[in-house]
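Structural overview for review
Read off the chains here:
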2 protein chains.
Amino acid sequence: MQAQLEWLKAHDGELVGQLGDLVAIQSISTDGEHQREIDRSADEVCKQMRWAGLENVAILKSGDSNPYAYGEWLGAPGKPTVFLYAHHDVQPVNFVQDWQSDPWKLTERDGRFYGRGAADDKGAITVQLGAIASYLKTVGKLPVNVKMLVEGEEEVGSKNLGAFFQEHKERLQSDIIVVCDTENIETGLPSITYSLRGIVALHVEVQSATKPVHSGMAGGMLADAALALNVILSRLYWKNGKLPIPGFYKKVRKLTAKEKRAFRKLPGNNKTWRRDLGVLKGVQFSLKKGVHPHEQTWRLPAVTVIAQEASSIKGASNQVLPKAEAIVSCRIVPDQDPGKVGKQLTRFLTEGPPWDVK
Amino acid sequence: MQAQLEWLKAHDGELVGQLGDLVAIQSISTDGEHQREIDRSADEVCKQMRWAGLENVAILKSGDSNPYAYGEWLGAPGKPTVFLYAHHDVQPVNFVQDWQSDPWKLTERDGRFYGRGAADDKGAITVQLGAIASYLKTVGKLPVNVKMLVEGEEEVGSKNLGAFFQEHKERLQSDIIVVCDTENIETGLPSITYSLRGIVALHVEVQSATKPVHSGMAGGMLADAALALNVILSRLYWKNGKLPIPGFYKKVRKLTAKEKRAFRKLPGNNKTWRRDLGVLKGVQFSLKKGVHPHEQTWRLPAVTVIAQEASSIKGASNQVLPKAEAIVSCRIVPDQDPGKVGKQLTRFLTEGPPWDVK
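The sections below set out a description of the structure shown in this document. Please read these numbers as outputs of a predicted model, since none were measured by experiment.

This part covers the sheet that holds strand β8 (residues 198-207) of chain B. Spatially, 6 strands are ordered β8(A)-β12(A)-β10(A)-β10(B)-β12(B)-β8(B) in an open sheet, and the strand pairing comes out antiparallel. For this open sheet the edge positions go to β8 (198-207) of chain A together with β8 of chain B, each flanked by a neighbour on one side alone. Between one strand and the next, the sheet's axes are offset by a mean angle of 30°, whatever the strand orientation. In the packing of helix α8 (residues 225-234) of chain A onto the sheet, the strands contacted are β8, β10 (302-310) and β12 (323-332) of chain A together with β10 (302-310) of chain B, and the crossing angle to β12(A) comes to about 20°. Set on the sheet, helix α12 (residues 338-350) of chain B makes contact with β8, β10 and β12 (323-332) of chain B; between it and β8(B) the angle comes to about 25°.

Next up on the list: the relation of the copies chain B and chain A. Mapping chain B onto chain A leaves a residual RMSD of 0.2 Å; the transformation is a rotation of 180° accompanied by 0.2 Å of translation along its axis. Expressed as an axis order, the relation between the two copies is that of a two-fold axis. Within chain B, the C-alpha atom positioned nearest to the axis of rotation is that of N230(B), 2.2 Å from it.

All names here are of chain B. Looking at the element boundaries, N145 is found in strand β6 (residues 145-151). The exposure class assigned to N145 is buried, which follows from its relative accessible area of 5%. Side-chain polar atoms of N145 contact the backbone nitrogen of A76, separated by 2.9 Å. Those residues in contact with N145 that sit more than four places away from it in its chain are W73, L74, G75, A76, P77, K79, P80, T81 and V82.

Residue and element names in this part refer to chain A. D120 connects to D121 through a cis peptide bond whose omega is 15°. A positive phi angle is found at S158, which is not glycine, with a value near 45°. Here S158 shows up in the loop between β6 (145-151) and α5 (161-167).

Residues and elements named next belong to chain B. Spatially, β1-β2-β6-β3-β7 is the arrangement adopted by the 5 strands of the open sheet, whose pairing is mixed. Each of the sheet's edge strands pairs with one partner strand only, and the pair in question is β1 (55-60) and β7 (176-179). Across this sheet, the average inter-strand angle for adjacent strands is 15°, counted without regard to direction. Pairing of strand β3 (residues 81-87) with β6, which is carried by 7 bridges, proceeds in the parallel orientation. Paired with T81 across the strands is N145, a residue of β6. Packed on one face of the sheet, helix α3 (residues 35-52) meets β1, β2 (68-73) and β6 and runs near 175° to β1. Contacting β2, β3 and β6, helix α4 (residues 118-136) runs over the sheet at an angle of about 145° to β3.

About the criteria used
- Residues numbered from 1 in each chain as written.
- Chains lettered and ligands numbered in written order.
- Predicted model: local features only at pLDDT ≥ 70, side-chain atom pairs only at ≥ 80, totals over all residues.
- Heavy atoms only, no water.
- Pairing = 2+ DSSP bridges.
- Helix = DSSP H or I, 4+ residues; strand = E, 2+ residues; numbered from the N terminus.
- Axes fitted to C-alpha atoms, helices over the stretch in contact; angles between N-to-C directions.
- Contact = heavy atoms within 4.5 Å.
- Least-squares fit on C-alpha atoms with pLDDT ≥ 70 in both.
- Buried < 20%, exposed > 50% of the residue type's maximum accessible area, 1.4 Å probe, protein only.
- Polar contact = N/O pair within 3.5 Å; in protein donor to acceptor, adjacent residues only side chain to side chain.

Have a look at this one:
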């Protein structure tokens, strides 16, 4: 691999320039106002794919999806096919006053590069194409077949991704998938993510009556939908134990002893975890006793109330509320079936509601 | 009282016309955009007070309050002084498409009058002034002294009312207060409200960390502030018993046997209460077993979650929330001390929070 490494060293400036070209395009997908820039960033990715030596480079779509940039190199018959995933859309620039440099200009500071989307996920595009180019431009071939897909709507939930895979099934068929949109455990420590938690979300809505009623007139008599929702969601409280949902852990794949040892060898301690998560002084973690943070956040399911609304603080008036709602989001882990988890959770939350609210 | 009743019959049209003049003024106090109309309705009330024969009629204010219309008749020395209260501001017109006639035009339908503010609370002004006029315009005097105050910011919480009473203490000094902003138990059945519940409101805020963290990265580890708030508020759940707040009922004045009998004699049954409150089929009342609805809503305290927010349903993203808040509103009854109730409730809600959240 000496030749490839030397090529990379020699072309470092060129690769950084390419990342800079990607970062300069404001491919924000969350506000629906940057479609032209998203088209441009897909085109730029295609251009860089061609430069790296990929073939059959094309913009693909599914329905009214944002453009996916696709390229492949299939010159290694009999060898496995590796599927590379990344995305070229980015989050908006919030808190612009907190940026130390122009978010749309890749800027070096203390040996690191800063810019909107530089880490999430345009850097992955450059890294993948750099690795590909280093082979194709030195020995003229790759040790495996490669199919590379760079999608354009990851930041808005990849809602066309499932249909896209169905539609382009044959073209995308591969042996291994490498998702290059994960994190390093620590700066300077290369990390391989080999397990990701999935997600199941439930919208929980409680209703007791057809209208709000003045609390002076109905307080204590009319079932309080907001309080009923609190009672229902509070059933999820696990303190520092297991989630109390029946059957929930049945399919959870056990950690091997080797994995456990590996997790404990990784850097990080209570102090750094608290600091990284911004935990307030005195507030405890919700980890089950004896469970390592990495085991919890990588390999154990979790339930989070990601939104809740009953009237609003600003619009509050003295009324018994007839309706309240929340979104409960569930992180699932290997071997858990999303459909079954959804059913378990639904049953758990709808059984015996306070005052028989609907 | 024959002369007065005859006078009222003869002047019915005139009184309805005066109510119509009041209803026509869009004295909405909730949006801050109708100050001119509020000034106009205060002036109109003063005009009608003078017409009825009240003396020393004036616009009074306290600080930057909306205008209070004030008038008095003190020609019965040695007799008690009755203080009459009403308000001339109104709620905005929501659901305008559901109105069967112009909200700003007093309209008769099936023997009843409709218009924004006709019942709440402009009708009270006309009724009070009609009664006063019927005496002053027939026998030339009232059987008691009268001080009448019509305020202009009841719909926005009467926030200057306390200071107003302090400031105008001497002028307002009276023996009896009659609040004409209450309800009839049934159409056509005159009702005297002799007990009103007060209110104590708490803003409950829970915080676990300084920022939201992606639920894939922290779910199950970082204390979920939204869930913690659910656990805290769920402690209030009384099912069909008493509120579980220690000491909460200690000072509550007991109903006398006479009151109990009187409550049970009033019209209304389960069916009409359910219909009036719009209760969904199958949903139960939250009344304590054996407690009559009137006893609960007139003479027993209650706690209501009148608002709750943790992110918003629309803005939900997959994050463990570091903060959640709610407003808990408490109805208090005779002999309960608002300060003590506030303390009891605060203690109850802040003791031993889940994961020691703040």
